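Chain by chain, the residues run as shown.
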Amino acid sequence: MDLGIRGKTALVCAASKGLGKGCAMALAREGANLVITARGAEALEATAAEIRKASGVQVRTVAGDITTAEGRAAALAACPEPDILVNNAGGPPPGDFRNWTRDDWLKAIDANMLTPIELIKAVIDPMLARKFGRIVNITSSAVKAPIAELGLSNGARSGLTGFVAGISKKTVANNVTINNLLPGRFWTDRLKGNAEFNAKQQGKTVEEVKRAMEQAIPAGRFGRIDEFGDYCAYLCSARAAYITGQNLLIDGGVYPGTF
Ligand code: NAP
């Protein structure tokens, strides 16, 4: 299937590792030129080189913190009018809500709600004018099935979800779609960090916690970043013009509900 995005430009945030990298690689394999960001320059350059080698597309890098105004300005300066925007950033830390201060909440809201909203605001009008735009926000399965110790994530991402639900209906007539992609469990640095937290809480080893997590997945394994990337690339494709405002799980069957 030709996804119809050859030669399009994609801004993929937080993409040196993990799910963001999976999305960047998949878009590149479909022929989209990329601007990718992350804070650490070394891993970012290594990922850019790997994607160029695998796909032959143009990959530019912007090292910076996407959750800051300066980080976003730098990303947008390199890519002022993307056809495709993948919003991503690190997730907030796990913990006990009794210990979270107002500052902790503001950090989470800044990173996982206001940053994607600011980026959408910056790119949407040119997309509407060109009558092509695809925006995918990487959120979390925790939006549909909350994880108690990830309360900062549950809260901040739900705010983004509510916002997207409204505006995605306004943009689709101009062939600009906005969807949220909800990862279940992918064994990335992020999930390792959560497993370390749970291991400490439960007096278990990380290996034990990892095994238990994996056994709880109906698919019997963690997700792979290339599987996540392929789903993202489809949502960013010319073929996905009739999908907007959706919260799409990719979780190997973990979500327990019928709908
Ligand atoms: P990961 O493997 O730790 O990768 C995170 C990537 O984002 C890295 O490239 C990192 O590079 C970059 N990054 C982090 N904070 C950034 C910032 N402020 N500005 C720019 N780049 C930043 O994490 P992941 O598992 O792919 O998770 C991606 C998102 O999905 C997170 O929000 C996470 O909470 C969410 N999620 C993941 C899972 C899962 O199973 N993995 C499940 C549910 C939700 P630098 O550190 O160099 O900046």
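Since the structure is predicted, the reported quantities are computational estimates derived from the model, not experimental observations.

Visitor: Would you mind showing me how to read the environment of Ala 89 here?
Guide: Considering the arrangement of structural elements, one finds Ala 89 in the loop between strand 4 (84-87) and helix 4 (102-130). On the basis of relative accessible area, Ala 89 is assigned to the buried category, the value being 14%. It is 19 Å that separates the C-alpha atoms of Ala 89 and Asp 230, two residues lying 141 residues apart in sequence. Residue contacts for Ala 89: discarding those within four places in its chain leaves Ala 14, Ile 66, Thr 67, Ala 111 and Asn 112.

Visitor: How do you make sense of helix 1 (residues 18-29) when you look at a structure like this?
Guide: Residues three or four positions apart in an α-helix share a direction because the helix packs 3.6 residues into each turn. Relative to the 16 Å expected for twelve residues at 1.5 Å per residue, helix 1 spans 17 Å between its end C-alpha atoms, a close match to the ideal helical length. With eleven of twelve residues buried, helix 1 lies mostly within the body of the structure. For helix 1, the set of buried residues is Gly 18, Leu 19, Gly 20, Lys 21, Gly 22, Cys 23, Ala 24, Met 25, Ala 26, Leu 27 and Ala 28. Positive backbone phi, approximately 95 degrees, marks Gly 31, located one or two places after helix 1.

Visitor: Where do I start with the nonpolar core in this structure?
Guide: What tends to happen in soluble globular proteins is that the nonpolar side chains get buried as a cluster. Val 12, Leu 27, Leu 34, Ile 36 and Val 86 are the most contacted members of the largest nonpolar core, which totals 35 residues. Those elements giving two or more residues to this core turn out to be strand 1 (9-12), helix 1, strand 2 (33-38), helix 2 (41-55), strand 4, strand 5 (133-138), helix 8 (225-235) and strand 7 (247-250). Ranked by residues supplied to this core, first place goes to helix 1 with seven residues. Apart from residues no more than four positions distant in its own chain, Leu 27 is found in contact with Ile 5, Ala 10, Val 12, Ala 32, Leu 34, Ile 84, Val 86, Ala 233 and Cys 236. Membership of the second largest hydrophobic core comes to 23 residues, among which are Cys 13, Leu 76, Ile 135 and Leu 160.

Visitor: I would appreciate a short explanation of the site of the ligand in the present structure.
Guide: Around the ligand sit 28 residues in total, of which Ser 16, Leu 19, Ala 89, Phe 186 and Thr 188 are the nearest. Contacts to the ligand include Gly 40, whose backbone N or O atom sits 2.8 Å from an oxygen atom. In the model, an oxygen atom of the ligand is placed 2.7 Å from a nitrogen or oxygen of the Phe 186 main chain. The fraction of the free accessible surface of the ligand (890 Å²) that becomes covered by protein chains is 90%. Elements supplying a minimum of two residues to the shell around the ligand: helix 1 and helix 6 (189-202). A total of three residues in the shell around the ligand trace back to one element, the largest contributor, which is helix 6. For the shell around the ligand, the class distribution of residues is nine nonpolar, twelve polar and seven charged.

Visitor: Can you walk me through the packing of aromatic side chains in this structure?
Guide: How two aromatic rings sit relative to each other is set out by the distance from centre to centre and by the angle between their planes. Tallied over the entire structure, the rule returns three aromatic pairs. For the ring pair Trp 187 and Phe 222, a centre distance of 5.1 Å and an interplane angle of 35 degrees mean the geometry is tilted. Of this pair, Trp 187 sits in the loop between strand 6 (176-183) and helix 6 while Phe 222 sits in the loop between helix 7 (206-215) and helix 8, and the two are 35 residues apart along the sequence. Judged by its relative accessible area of 22%, Trp 187 falls in the partly exposed class. The ring of Phe 132 has Lys 8 lying over it, and the distance from NZ or CZ to the ring centre is 4.2 Å.

Visitor: In this structure, what is going on with the packing of helix 1 against helix 2? I would like to understand it.
Guide: The axes of two packed helices give the description: the angle between them and the distance between them. Relative orientation of the contacting elements helix 1 and helix 2 amounts to 30 degrees, with a least axis distance of 9 Å. When the axis of helix 1 is compared with that of helix 2, the two are roughly parallel. Note on packing geometry: the crossing formed by helix 1 with helix 2 is right-handed. Contact residues: helix 1 offers Lys 21, Ala 24, Met 25, Ala 28 and Arg 29, while helix 2 offers Thr 47, Glu 50, Ile 51, Ala 54 and Ser 55. For the contact of helix 1 with helix 2, the per-class residue count stands at five nonpolar, two polar and three charged.

The rules we used
- Residues numbered from 1 in each chain as written.
- Predicted model: local features only at pLDDT ≥ 70, side-chain atom pairs only at ≥ 80, totals over all residues.
- Heavy atoms only, no water.
- Helix = DSSP H or I, 4+ residues; strand = E, 2+ residues; numbered from the N terminus.
- Buried < 20%, exposed > 50% of the residue type's maximum accessible area, 1.4 Å probe, protein only.
- Contact = heavy atoms within 4.5 Å.
- Expected span 1.5 Å × (residues − 1).
- Core = buried A, V, L, I, M, F, W, Y, C linked by side-chain atoms within 4.5 Å.
- Near = heavy atom within 4 Å.
- Polar contact = N/O pair within 3.5 Å; in protein donor to acceptor, adjacent residues only side chain to side chain.
- Areas by Shrake-Rupley, 256 points an atom, 1.4 Å probe, with all protein chains shown as cover.
- Nonpolar A, V, L, I, M, F, W, Y, C, P; charged D, E, K, R; others polar.
- Phe/Tyr/Trp six-rings, centres within 6.5 Å; stacked < 30°, edge-to-face > 60°.
- Lys NZ or Arg CZ within 6 Å of the ring centre and 35° of its normal.
- Axes fitted to C-alpha atoms, helices over the stretch in contact; angles between N-to-C directions.
- Parallel < 35°, antiparallel > 145°, perpendicular 65-115°, else oblique.
- Left-handed = near helix turned anticlockwise from the far one by under 90°.

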